[in-house]
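What the coordinates show
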Amino acid sequence: MRVAADEPLSSIKRRVQTKLGVPDEEFSAWKWAYHSLGRHDYVEDTDVVASKFVRREPYGAYENYLGMEHPDKNP
């Protein structure tokens, strides 16, 4: 998913919810986190997501993700 340089999480969440067709009640319980190098930091609605993906380490393996924490209703 493309993310604008100044786009807050709240905007991204609306697009994801629309794409996945998740009801408001269920979607509001989801937690969002930036995950990098085995650690995660929860992201607030007002945080600019693209700013989290600026590469800070010049060497080594570098993977980062924006993740959603939610119950799996499809075992």
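Scroll up to find the structure this text is about.
The structure contained in this document is the topic of the report that follows. None of the values given here were measured: they were computed from a predicted structure.

1. Some remarks on helix 1 (residues 9-20)
Three- or four-residue spacings in an α-helix give side chains the same orientation, since the helix completes a turn every 3.6 residues. In this model, helix 1 (12 residues) spans 16 Å end to end at C-alpha, consistent with the 16 Å of a helix rising 1.5 Å per residue. Turning to helix 1, its buried residues are L9, S11, I12, K13, V16 and Q17. Buried residues along helix 1 sit in contact with helix 2 (24-27), strand 1 (31-36) and strand 3 (64-69). Backbone geometry just after helix 1 places G21 at a positive phi near 65 degrees.

2. A look at the nonpolar core
Within the largest apolar cluster, 10 residues are counted, these being L9, I12, V16, V22, F27, W30, W32, Y34, V43 and V49. Of all elements in the fold, only helix 1 and strand 1 reach the threshold of two or more residues within this core. Ranked by residues supplied to this core, first place goes to helix 1 with 3 residues. Here F27 is in contact with K13, V16, Q17, V22 and W32, once residues within four sequence places are set aside.

3. Focus: the sheet that holds strand 1
Sheet architecture is open: 3 strands sit in the order 2-1-3, paired in antiparallel fashion. Since the sheet does not close on itself, it has two edges, and those belong to strand 2 (39-42) and strand 3, each with one partner. Recorded for the sheet is a direction-independent mean angle of 30 degrees between the axes of neighbouring strands. Where strand 1 and strand 2 come together, 4 bridges link them in antiparallel fashion. Residue pairing across strands places H35 opposite H40, the latter belonging to strand 2.

4. Some details on the pattern of salt bridges
Taken as a whole, this structure holds 2 salt bridges when the rule is applied. For K13, the salt bridge goes to D45, with nearest N and O atoms at 2.8 Å. With K13 in helix 1 and D45 in the loop between strand 2 and strand 3, this residue pair connects regions lying 32 residues apart in the sequence. By relative accessible area, which is 17% here, K13 ends up buried. By relative accessible area, D45 is classed as partly exposed at 36%.

About the criteria used
Residues numbered from 1 in each chain as written. Predicted model: local features only at pLDDT ≥ 70, side-chain atom pairs only at ≥ 80, totals over all residues. Heavy atoms only, no water. Helix = DSSP H or I, 4+ residues; strand = E, 2+ residues; numbered from the N terminus. Expected span 1.5 Å × (residues − 1). Buried < 20%, exposed > 50% of the residue type's maximum accessible area, 1.4 Å probe, protein only. Contact = heavy atoms within 4.5 Å. Core = buried A, V, L, I, M, F, W, Y, C linked by side-chain atoms within 4.5 Å. Pairing = 2+ DSSP bridges. Axes fitted to C-alpha atoms, helices over the stretch in contact; angles between N-to-C directions. Salt bridge = Lys/Arg side-chain N within 4 Å of Asp/Glu carboxyl O.

The analysis is restricted to geometry; functional conclusions fall outside its scope.
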